[in-house]
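# Fold and contact review
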Amino acid sequence: MDTRVDDYIAGLPEWQQDVCREVRRLVHEADPGVEETIKFTNRPYFVLDGNICALLGTKDHVNVMLYDKASVPDPHNIITSGHGNKTARMISVYRDQPINAPALVEMFRHIIAANRRRKGVGPRR
């Protein structure tokens, strides 16, 4: 865990902190090898053989940017924008909105597998 990510989350309203902590937990559940960092001055990124996702607290929601090259299937329709973006898509989570944890973990695992294929590395054990 990166203390700079802790600091970013601590600066958000309480309900956004809860969302960010849950997303953070889920990305680490997807693969324990996920690393945390800060990019673009203060934005938390989660990486493993490439970017997986980033968090951004806004005025009324939290954006979870998925760095999936628009390749991750979304059978549960949790992606809210960026459908035409070739780099990343986004899930906007609003106050009192539940996170579809199984679907998000599945997406994270798909992104990690795609990152590994691009890098030519196998699964970490």
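All values derive from a computational prediction rather than experimental measurement. Numbers given to residues run from 1 along each chain, matching the order in which its sequence is written. Thresholds applied to this predicted model are a pLDDT of at least 70 for local features of residues and 80 or more for the giving and counting of side-chain atom pairs; totals over whole chains, interfaces and linings are not thresholded and use all residues. Side-chain metrics rest on all non-hydrogen atoms present in the structure, leaving aside hydrogens and water.

## Some words on helix H3 (residues 101-119)
- Over its 19 residues, H3 runs 27 Å from end to end, which matches the ideal 27 Å to within 8%, given 1.5 Å per residue.
- Residue burial is assigned from relative accessible area. The probe radius is 1.4 Å, only protein chains are included, and a residue is buried under 20% of its type maximum, exposed over 50%, and partly exposed in between. We count a stretch as a helix when DSSP gives it H or I for four or more residues in a row; a strand needs E for two or more, and each element gets its number in order from the N terminus. Restricting attention to buried positions, one finds in H3 the residues Ala 101, Ala 103, Leu 104, Val 105, Met 107, Phe 108, Ile 111, Ile 112, Ala 114, Asn 115 and Arg 116.
- Note on contacts: a residue pair is in contact if any heavy atoms of the two residues lie within 4.5 Å. In this structure, the buried side of H3 is in contact with helix H2 (14-30), strand E3 (51-57), strand E4 (61-66) and strand E5 (89-94).
- Each polar contact in these results corresponds to two N or O atoms within 3.5 Å; when the atoms are within protein, one needs to be able to donate a hydrogen and the other to accept it, and residues that are neighboring in sequence are counted only if both atoms are side-chain atoms. By the N-cap criterion, in which a side-chain oxygen at the helix start approaches the backbone nitrogen of a residue two or three places on, H3 is capped by Asn 100, the distance to Ala 103 being 3.1 Å.
- Looking one or two residues past H3, Gly 120 carries a phi angle of roughly 75 degrees, positive in sign. Expected span of a helix: the number of residues minus one, times 1.5 Å.

## Observations regarding unusual backbone geometry
- Of note in the backbone geometry, Thr 41 takes a positive phi value of approximately 80 degrees without being a glycine.
- Positive phi, close to 60 degrees, is recorded for Asp 49, a residue that is not glycine.
- With respect to the element layout, Asp 49 can be found in the loop between strand E2 (43-47) and E3.
- Classification of Asp 49 by relative accessible area gives buried; the value is 17%.

## Quick word on the state of the cysteines
- In this description, the term disulfide denotes a pair of cysteine sulfurs within 2.5 Å. Tallying each qualifying case throughout the model produces zero disulfides.
- Just so you know, Cys 20 is unpaired, no disulfide at all, and the nearest cysteine sulfur is the one on Cys 53, 10.0 Å from it.
- Since its relative accessible area comes to 0%, Cys 20 is described here as buried.

## Observations concerning the pattern of salt bridges
- Salt bridges, as used here, are contacts in which a Lys or Arg side-chain nitrogen is within 4 Å of a carboxyl oxygen on Asp or Glu. In total, this model carries nine salt bridges according to the counting rule given.
- The salt bridge partner of Arg 25 is Glu 29, with a shortest N-O separation of 3.0 Å. Of this pair, Arg 25 and Glu 29 both sit in helix H2, four residues apart, roughly one helical turn.
- Of the residues examined, Glu 29 reaches a relative accessible area of 40% and is grouped as partly exposed.

## What about the packing of helix H1 (residues 3-10) against H2?
- To define axes, lines are fitted to C-alpha atoms, for helices over the stretch in contact only, and angles between the resulting N-to-C directions are given on a 0 to 180 degree scale. Running from N to C, H1 and H2 cross one another at 150 degrees; their axes reach a closest spacing of 9 Å. Considering their axes alone, H1 and H2 lie roughly antiparallel with respect to each other. Between H1 and H2, the contacting residues are Val 5, Asp 6, Ile 9 and Ala 10 on the first element and Gln 17, Cys 20, Arg 21 and Arg 24 on the second. Our angle categories are set so that under 35 degrees counts as roughly parallel, over 145 as roughly antiparallel, 65 to 115 as roughly perpendicular, and the remainder as oblique.

## Brief notes about the pairing of E3
- DSSP calls a pair of strands paired once it identifies at least 2 bridges connecting them. Judged from the three bridges that link them, E2 and E3 form a sheet pairing that is antiparallel. When the bridges of E3 are listed, Val 47 appears paired with Asn 51.
- Relative to E4, E3 is paired through five bridges, and the arrangement is antiparallel. Bridge pairing in E4 places Gly 57 opposite Val 62.
- In this antiparallel pair of consecutive strands, E3 and E4, the connection spans three residues.

## Focus on the packing of H2 against H3
- Two elements in contact, H2 and H3, have axes separated by 9 Å at closest approach and are oriented at 50 degrees. Considering the angle they form, H2 stands oblique to H3. Crossing handedness for the pair H2 and H3: right-handed. Along the contact surface, H2 presents Glu 22, Val 23, Leu 26, Val 27, Glu 29 and Ala 30, while H3 presents Ala 101, Leu 104, Val 105, Phe 108, Arg 109 and Ile 112. Note on convention: near helix rotated counterclockwise from far helix by under a right angle means a left-handed crossing. Clockwise means right-handed.

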